[in-house]
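The primary structure of each chain is shown beneath.
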Amino acid sequence: MTTSFWLTLGLFFAVLALVSWALALYLRAVLDPNGKTWLDPVFGPLERWTYRLCGIDSRKEEDWKGYFASLLVFNVVGLLLTYLILRIQQWLPLNPKGFGPVSPDLAFNTAVSFTTNTNWQNYPGESTVSSFSQMAGLAVHNFTSAATGIAIASAFVRALARAGVKTIGNFWVDLVRTTYYLLLPLSFGLAVVLLSQGVPQNFSPYARAQLVEPVVITGADGKERRMETQEIVQGPIASQEAIKQLGTNGGGYTNANSAHPFENSTPLSNLLEILAVLCIPGALALYLGRVVGRQAHGWAVWGVMALLLFGGILVCWHAEAGGNPLLVEQGLSSVEGNREGKEARFGTLDSALFAVATTATSCGAVNSLHDSYMPLGGLVPLFNMELGEVAFGGVGSGLYGMLLFVVLGVFLFGLMIGRTPEYLGKKIGASEVKMAALSILVLNLSILGMSAWAIASPWGLAGIANPGPHGLSEILYAFSSTTANNGSSFAGLSGNTPWYNTTLGIAMLAGRYLMIAPVLGLAGLLAAQKTAAATQAAFPVSGILFVVLLLATVFIVGALNFFPVLALGPILEHFLLQAGQTF
C-alpha cells in the first residue's frame, strides 16, 4: 500500500465527514415538521398544496401502528401502479424503441424491487424498459423509496428524543418534506454536474454508429451474426443517475450500470457518485446526535460506520491488488492486480472503493463486475450486505439498522459489565430487545432460508454459471442482495426466470417490510417511556468503549450467523484457488 493510497483514502474520509456534518445541519430543519429552510419560498407553497390535494392534516401525528399503516398503503399503491406501467408500456408514450410489455414475473420482481429501494434488475435496462417506464415508474420510486427510509429513521430518532408520548410523527409529512426539501434539490444539483461530465439527458431515439471493424458474434440460439453497426443508448440518464446514487437505489439505466460511460463518464463523476451514496446516511448519524442533544454520540455512531467501511475497503483492495495467484505464478498478472471485470479508466482502487461503498450502503450500483473479483474481494460486498448494510447503510435504513445493534449492545454489554441497560435515558428491557432481535432475525432467516431452498431445488441450481463454492456464492449473493434491499449481483447467476423472479421478490418484501414493522414497534416503545436522569451507572454512548462494544455487537450478532455458509463459499474458494483449482 503506497503513500498515495493512504492519502487518497484519508482525503476521501475527510471530505465525507465534512459533507456529513454540513448536511446534518440541514437535515435538522428538513425533518422537523415546523423547521425552516432556505428553500421554503420555493417548496413551501408546493408542500402546503400537496397536503390540501391529498387531504393530509399535517398537524396530526400517528402512533407507530398508524405510521406503519400509512407507509404500507403508500408503498402498496406505488407497487401496483409500477406493475401496471411495466405491463402496458407498449401503449404508453416515450417508447422510442417500441418495447413490448414486461413479462408478469419480471414485472412483479421489478415493481417490488424499486418499491423497496432494492433496484435489483433481472433485465438489461436499455433493451427492456421504455423512457416513460424509467421515469414515471422507476425514477419516481427512487425518490419515494428513499424518502420512506429517511422517514422511518427520523421517526425512530424522534422517539428517542421524546418521553411519555404515543406518537412518533406523521408519515405523510416526513415523506413530503424529505422529497421536496432534500432529495429533489440534491438530485437536481448532482444531475447538472453529471451533465457537465458528459452524462446524457434527452428523449432522443437510440443512435446508430458504424463500426470501424465489423465483428461476428454468436447469439443465444447458437447462430453467428455479422455486426457492422452499434446502437448507442440515449435517454433521461443524468436525472435517474443522480437520484439512483443519492437515494442509495442503484438501478442502472443501462445493463452495465455505473461502469457504462453514459452513467459514469469520468474519474470526477466516479468520486461524486461514491460520495453521493454515502452523504445522506452519514449525515443521518450526525442528525441523531443533534436531535437527542448528544453530538458526541452521533459522531461515535458515524465513527463505527466509518471504521466498518474502512476495513472493508482495505480487505477488498488488498485482495484485488494481489491479483490471481495462478496468473502471478506465470508472470501474467497486471501491475494493478486483478483487472478482470474492471473499467480501465477506474482501475483497481476506484473499483474496490465503489464496490465496498455500494454494498456497505443499500445502493447496489456497480462500476465493475463483482462476479469477477477474487474470492476474498467478493466476500467483502457479500459480508457488507449480511451485516445489514450499516456502514453507512441505506438512506434511513442504515441508521435504524445500526440503532438496532446499539439497543442490543447496550443490553448485552451493559449487563456483562454491571451497567444499567439504558440508552439515552430509556430502559432497554425484554420488550425492546425482542423487537430489535426480531428485526435482525428477519434478515438472517430470509437470506439463509431462501438460499437453502434455491440450493436444494432444480430451479435454483439451473441458474448458476459456475460449479462448486462460487456457485454457492452466486446464490447466496442474490438473496443477500435482495433481502438487504441492495440490488447488486454476482452476475453469473441467471435470475430472470419465473422461480427466481418470484422468490427474489419475496426476499425483497421480507427484507423491507418485515424488518420495518419491529423497528417502528421499538420506536413506539421508546417514545412511550419516561426519560430517566443520567447516572454514572448508565451505559456510555460515546467514547472509545462505546465504539469498541458497538463494533463487537455488529460482528457477534450480525456476522457469526453467516460464517458457516461463507466458509463454504468464498473462503473455501480462496483456499482452493491457492491450491490451483478454479471454478
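Above: the structure in question.
Residues numbered from 1 in each chain as written. Predicted model: local features only at pLDDT ≥ 70, side-chain atom pairs only at ≥ 80, totals over all residues. Heavy atoms only, no water.

Draft legend 1. Spotlight on the packing of aromatic side chains. Enumeration over the complete set of coordinates arrives at 18 aromatic pairs. For the ring pair Phe74 and Trp172, a centre distance of 6.0 Å and an interplane angle of 85° mean the geometry is edge-to-face. Of this pair, Phe74 sits in helix 3 (residues 64-87) while Trp172 is found in helix 6 (residues 171-196), placing the two residues 98 residues apart along the sequence. For Phe74, a relative accessible area of 25% gives the class partly exposed. In this structure, Arg177 packs its charged tip against the face of Tyr181, placed 4.7 Å from the ring centre. The ring of Tyr373 is capped by Lys342, whose NZ or CZ atom sits 4.2 Å from the centre of that ring. (Phe/Tyr/Trp six-rings, centres within 6.5 Å; stacked < 30°, edge-to-face > 60°. Helix = DSSP H or I, 4+ residues; strand = E, 2+ residues; numbered from the N terminus. Buried < 20%, exposed > 50% of the residue type's maximum accessible area, 1.4 Å probe, protein only. Lys NZ or Arg CZ within 6 Å of the ring centre and 35° of its normal.)

Draft legend 2. Quick look at the packing of helix 14 (residues 430-455) against helix 17 (residues 498-528). Following both chains from N to C, one finds helix 14 and helix 17 inclined at 175°, their axes separated by 8 Å at the closest point. Comparing their axes, helix 17 and helix 14 come out roughly antiparallel. For the contact of helix 14 with helix 17, the class distribution of residues is 19 nonpolar, 5 polar and 1 charged. (Axes fitted to C-alpha atoms, helices over the stretch in contact; angles between N-to-C directions. Parallel < 35°, antiparallel > 145°, perpendicular 65-115°, else oblique. Nonpolar A, V, L, I, M, F, W, Y, C, P; charged D, E, K, R; others polar.)

Draft legend 3. How the structure looks around helix 6. Taking 1.5 Å as the rise per residue, helix 6 with 26 residues should run 38 Å; its terminal C-alpha atoms sit 36 Å apart, in good agreement. Two or three places before Trp172, at the start of helix 6, stands the capping residue Asn170, its side-chain oxygen 2.9 Å from that residue's backbone nitrogen. Just past helix 6, the residue Gly198 takes up positive phi, approximately 105°. (Expected span 1.5 Å × (residues − 1). Polar contact = N/O pair within 3.5 Å; in protein donor to acceptor, adjacent residues only side chain to side chain.)

Draft legend 4. Spotlight on the packing of helix 12 (residues 375-386) against helix 19 (residues 563-578). Two numbers describe how helix 12 lies on helix 19: the axes approach to 9 Å, and their chain directions differ by 165°. Classified by the interaxial angle, the pair formed by helix 12 and helix 19 is roughly antiparallel. The two elements helix 12 and helix 19 cross, and the hand of that crossing is left-handed. Residues Pro375, Leu376, Leu379, Leu382, Phe383 and Glu386 of helix 12 lie in contact with helix 19, whose contacting residues are Leu566, Pro570, Ile571, Glu573, His574 and Leu577. Its residues placed into classes, the contact of helix 12 with helix 19 shows 9 nonpolar, 1 polar and 2 charged. (Left-handed = near helix turned anticlockwise from the far one by under 90°. Contact = heavy atoms within 4.5 Å.)

Draft legend 5. Structural detail: the pairing of strand 3 (residues 207-218). Judged by how many residues are buried, strand 3 sits mostly at the surface: 0 of 12 residues are covered. As paired elements, strand 3 and strand 4 (residues 224-232) share 8 bridges and run antiparallel to each other. Residue pairing for strand 4: Val215 is matched across the bridge by Met227. (Pairing = 2+ DSSP bridges.)

Draft legend 6. Broad picture of the environment of Pro498. Structurally, Pro498 can be placed in helix 17. We classify Pro498 as exposed; its relative accessible area is 54%. Spatially, the C-alpha atom of Pro498 lies 43 Å from that of Phe411, the residues being 87 residues apart in sequence.

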